[in-house]
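# Architecture and fold: a report
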Amino acid sequence: MGGSVFKAVVTAGLAYLSGGTTLTFTSTFAIKFTAMELAVVSFVGSLALDFVAQAMAPKPKLPNLSGFESQGQERIRQFRQPVAPHRLVYGEFRLGGVLTFVEVSNSNDHLHMVVTLAAHPLAEIGDVYFNDEVIPADTINASTGNVDTGKYKDKVLIFKNLGDTGSAQPFPKLASAVTSWTDDHIQQNRAKVYLRLTFDNDKFPTNVPNISFWVKGKKVVDPRNSSAVAWDVNPANIIRDYMTTSTVDGGGGAATLEFDDTFTNAAANTSEEIVSTARIDTRIAIVSATSANVVSTSTSIVTLEGSTLQVFTGDRVIVSAQTSSIGGITAGTAYYVIAKQRLDTPRIQFASTYAHAIAGTAKTLTSRGEGRLSVVKTGEPRYTMNGLMQVDRTPADMITDALTSMAGRLIYASGQWRLLAGAYTAPTITLDEDDFISPISVQTKSGRRSRFNAVKGIYVTSLNLDQPADYPPVTNSVYETEDNSERLFQELDLPNTNRPHMAQRLAKIALERHRQMITFQAATTLTGLQLQAGDTVAIDNERFGWSAKVFDITEWKLTLVGDENPILGCEMDFREVASTVFDWNSGEETKVDPAPNSNLGDPFTVNPPEALTITEALYDTRGSAGV
């Protein structure tokens, strides 16, 4: 009787999983062009797939039932269905999964579940979340699976499998507990977690909780480092990995040689530049010489005050000491964060460089110090990508979403893909009147219906319990005045961005790119063969008053100019750009408040009554039978 709630979970909605059926992922798309299409594109020109293009394009006013807001809510949920789309997981974030096996044993007191997280191996599966209660990774015994401390002590077993164990049985404990999970059930190359919950009305008062996990996603190739494979948050390396992953495995199917890694490496370097941010002050919990729970010299982990971690892996911080420093950490020196626990008890490690932070190489702490210390965030990487690609969407949609994380462009030119990050590139070529062989068609402003002077949207961040939230909008009073003092918003959702300041920088780039509204189309002599889509070029034109005015080339193709005696030329679309589009003042950010919305206590933890008193009262019983 005690475990009937667990049995109900199985019988009510999971009968289709009887026998331990493993998950089937589907991947039925291809991004490859035919040989003829490649030849045509390579010969006639090049196009740029731009992250801001969707923001500049008018959108129909129709309900979007599969928009990012609903997708963001779904990605931390545990769900049940017999067939699920192939998911590629990149960066780090909180992720739910597909319930691919459910069974009960021990007179229905034990509920066994396997949650499949990705259709490939993961770099790491860290903290486990039951609803929004965190079970830190270091409280889970790796050999026994037992949760050793906290609310779920001795009530939950957790075994993680990154998906890299080949054909070996991933969960021997499960195979020995139930007969329906056998050596035929291995889910090879699938990251997954086995959980065993022991029935307890106090621990699970509302049935089985929603279970999610903090994960580090797929390891990717970094072409800057002899093609080393490692976990990364660099959007340039991640987009390259997706494009060069086979279509069978859910990727784009492009050959490695189809990527011009000169551009990939430049985009990766741009993404890893550290951008100064507004100061964010946090504190290490009060340190004493014996406070092992606050500063651990064995694991080099320090605990911060508050309930939500306000810094992210790779953030640049400075430690300032009010009394004395921790051994191994020098006050005033820049370090880089390795986030260890994000909720409940925020914990971090320090790394000496950004590369070490991404690799998880922490500074060694030699002593716990004593007193109070501040950890001040002063910068963050320019661009990171943390999200998933799910192949029930079109490749174009997935790539466009990925490009939003780096304000980037993906260009196909001369038989190769070129990846550009959002940064200004000074032109090296100048065109003047003598280089143009066709009329110049100029448009000085965007149409009223497509114009905007402010940008807003949603993103997913651990500051908001990994639920979709509005990032602070970006506005511009000058542009607003130009538009008759009417604020015109454009929505730009950022599904792969988790930092509020980064989201604001990306929104500002989208706004500034849009407000550079002069565009023109013209054909040049074969001098234009030196240019491709994505390049910048300086234009001299006395009639229009342009002197070394800088334009982006958004489209390029060979064409015949003239009717009677046509000549071969290069037809291009140009859009004005300026270096200030990508400028950022660290005071421009709007701070996001990570404080909890309520200070109410945990409804599932009831403290014993205190200060009880007893008052005696005497009453006559009915019929005066006694007192």
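Residues numbered from 1 in each chain as written. Predicted model: local features only at pLDDT ≥ 70, side-chain atom pairs only at ≥ 80, totals over all residues. Heavy atoms only, no water.

## What about the overall build of the chain?
Our working rule: Strands here mean DSSP runs of E at least two residues long; helices mean DSSP runs of H or I at least four residues long; both are numbered from the N terminus. Three labels apply to residues, based on accessible area from a 1.4 Å probe with only protein chains included: buried if under 20% of the type maximum, exposed if over 50%, partly exposed otherwise in between. Between two residues, a contact is recorded if the distance between any of their heavy atoms is within 4.5 Å. Only the protein chains shown count as covering a residue, and every accessible area follows the Shrake-Rupley method with a 1.4 Å probe.
Summing up its helical and strand segments, the chain has 11 helices and 35 strands in all. Looking at the 627 residues of the chain, the share that counts as buried comes to 51%. The contacts of the chain with a sequence gap of at least 6 include a subset with a gap of at least 24, amounting to 72%. Surface summary for the chain: the accessible area is close to 28,500 Å², and the carbon and sulfur share equals 50%.

## Looking at the pairing of strand β34 (residues 546-561)
Put simply, the rule reads: A pair of strands is considered paired only if DSSP assigns at least 2 bridges between the two.
For strand β33 (residues 536-541) and β34, the ladder comprises five bridges, and the chain directions are antiparallel. Bridging across to β34, Ile539 finds its partner in Lys549. Counting the residues that bridge the hairpin from β33 to β34 gives four residues, and of these Gly545 lies at a positive phi of roughly 75°. The pairing of β34 with strand β35 (residues 567-576) spans 10 bridges and is classified as antiparallel. What sits directly across from Phe551, in β35, is Glu576. Connecting the antiparallel pair β34 and β35 is a turn made up of five residues, with Gly562 showing a positive phi of about 105°.

## What about the sheet that holds strand β19 (residues 334-341)?
The pairing of strands in a sheet comes from backbone hydrogen bonds and takes either a parallel or an antiparallel form. Quick note on the threshold: For helices, the fitted line uses only the C-alpha atoms of the stretch in contact; every axis is such a line through C-alpha atoms, and the angle between N-to-C directions lies from 0 to 180 degrees.
Pairing is antiparallel in the open sheet, where seven strands are placed in the order β15-β21-β18-β19-β20-β17-β16. Among the strands making up the open sheet, the edge pair consists of β15 (274-287) and β16 (295-296). For strand β18 (residues 316-321) and strand β21 (residues 371-381), the ladder comprises six bridges, and the chain directions are antiparallel. Among the inter-strand pairings, Val317 is bridged to a residue of β21, identified as Lys377. Contacts between helix α11 (residues 500-515) and the sheet are confined to β15 and β21, with β21 contributing the most and set at about 25° to the helix.

## Comments concerning unusual backbone geometry
Even without being a glycine, Asn484 presents a positive backbone phi close to 60°. Along the chain, Asn484 turns up in the loop between α10 (477-482) and β31 (489-491). Phi at Ser485 is positive, roughly 55°, even though this residue is not glycine.

## Points about the pattern of salt bridges
Put simply, the rule is: Each salt bridge in this description consists of a side-chain nitrogen of Lys or Arg and a carboxyl oxygen of Asp or Glu lying within 4 Å of one another.
Taken as a whole and judged by the stated rule, the model has 28 salt bridges. With its nearest N and O atoms 3.2 Å apart, the salt bridge here joins Arg342 to Glu92. Taken together, the residues Arg342 in the loop between β19 and β20 (347-351) and Glu92 in strand β5 (residues 92-95) connect sequence positions 250 residues apart. In terms of burial, Arg342 and Glu92 fall into one category: buried. When the shortest N-O distance is used, the salt bridge between Lys151 and Glu133 registers 3.2 Å. With Lys151 in the loop between β9 (133-135) and β10 (156-161) and Glu133 in strand β9, the pair connects residues that are 18 residues apart, well separated along the chain. Lys151 gets classed as partly exposed once you look at its relative accessible area, which sits at 22%. Taken together, the salt bridges that share partners define one network made up of Asp315, Lys377, Glu380, Arg499 and Arg505.

## Looking at the environment of Val337
By the element assignment, Val337 lies in strand β19. For Val337, a relative accessible area of 0% translates into the label buried. Along the backbone, Val337 and His356 are 19 residues apart, and their C-alpha atoms lie at a distance of 9.5 Å. Not counting the four nearest positions on each side in its chain, Val337 is found in contact with Val311, Phe312, Thr313, Gly314, Asp315, Val317, Ile348, Gln349 and Ala357.

## Describing a nonpolar patch on the surface
Defined as follows: Candidate patch residues must exceed 30% relative accessible area and have no salt bridge, after which like charges are joined if within 9 Å and Val, Leu, Ile, Met, Phe, Trp or Tyr side chains if within 5 Å.
Together, Leu526, Leu529, Leu560 and Leu568 give the surface a local cluster of nonpolar side chains, amounting to about 380 Å² of exposed area. For Leu526, the location among the structural elements is in the loop between β32 (519-524) and β33.

## Structural notes on the nonpolar core
What counts is decided by this rule: Put simply, a nonpolar core is a bunch of buried Ala, Val, Leu, Ile, Met, Phe, Trp, Tyr and Cys residues held in one set by side-chain atoms that sit within 4.5 Å of each other.
Core analysis: the largest hydrophobic core is formed by 48 residues, its most contacted members being Tyr242, Met243, Met389, Met406, Leu410 and Tyr471. Among the secondary structure elements, those contributing two or more residues to this core are β4 (87-90), α6 (235-244), α7 (261-271), α9 (395-404), β23 (409-413), β24 (416-420) and α11. Among the elements that line this core, the one with the most residues is α11, at seven residues. Excluding its chain neighbours within four sequence positions, the residues that come into contact with Met389 are His86, Arg87, Leu88, Tyr90, Tyr242, Met398 and Ala402.

## As for the side chain of Lys192
Here is the rule we go by: Under this rule, positive means Lys or Arg and negative means Asp or Glu; His and the chain ends count for nothing. What qualifies as a polar contact is a pair of N or O atoms within 3.5 Å, subject to a donor-acceptor requirement within protein and to the restriction that residues adjacent in sequence count only when both atoms come from side chains.
By secondary structure assignment, the location of Lys192 is in strand β11 (residues 191-198). The side chain of Lys192 sits in the buried core without any salt bridge; Asp164 is the nearest counter-charge, 7.7 Å away. Of note is the side chain of Lys192, whose polar atom sits 3.4 Å from the backbone oxygen of Ile186.

## Here's the deal with the packing of α6 against α9
Two quantities define a packed helix pair, namely the angle between the axes and the distance from one axis to the other. Put simply, the test is: Angle categories are assigned with fixed cut-offs, so that under 35 degrees is roughly parallel, over 145 is roughly antiparallel, 65 to 115 is roughly perpendicular, and the rest are oblique. Take the far helix as the reference: if the near one is turned anticlockwise from it by less than a right angle, the crossing is left-handed, and if turned clockwise, right-handed. Amino acids are sorted into nonpolar (Ala, Val, Leu, Ile, Met, Phe, Trp, Tyr, Cys and Pro), charged (Asp, Glu, Lys and Arg) and polar (every other residue, Gly among them).
At a minimum axis distance of 10 Å, the contact between α6 and α9 shows a crossing angle of 165°. The angle between α6 and α9 places the two elements in the roughly antiparallel class. You can see that α6 and α9 cross each other, and the crossing is left-handed. Of the residues in α9, those in contact with Ile239, Tyr242 and Met243 of α6 are Pro395, Met398, Ile399, Ala402 and Leu403. Here the residues of the contact of α6 with α9 sort into eight nonpolar, no polar and no charged.

## Side note on the sheet that holds β11
On the basis of which strands lie adjacent, the open sheet formed by four strands has the order β6-β7-β11-β10 and antiparallel pairing. The open sheet is flanked by β6 (98-105) and β10, the only strands paired with a single partner. This sheet shows a mean twist of 15° between the axes of neighbouring strands, independent of strand direction. When β10 meets β11, the two strands line up antiparallel, connected through six bridges. When the sheet's bridge partners are listed, Phe159 is paired in β11 with Tyr194.

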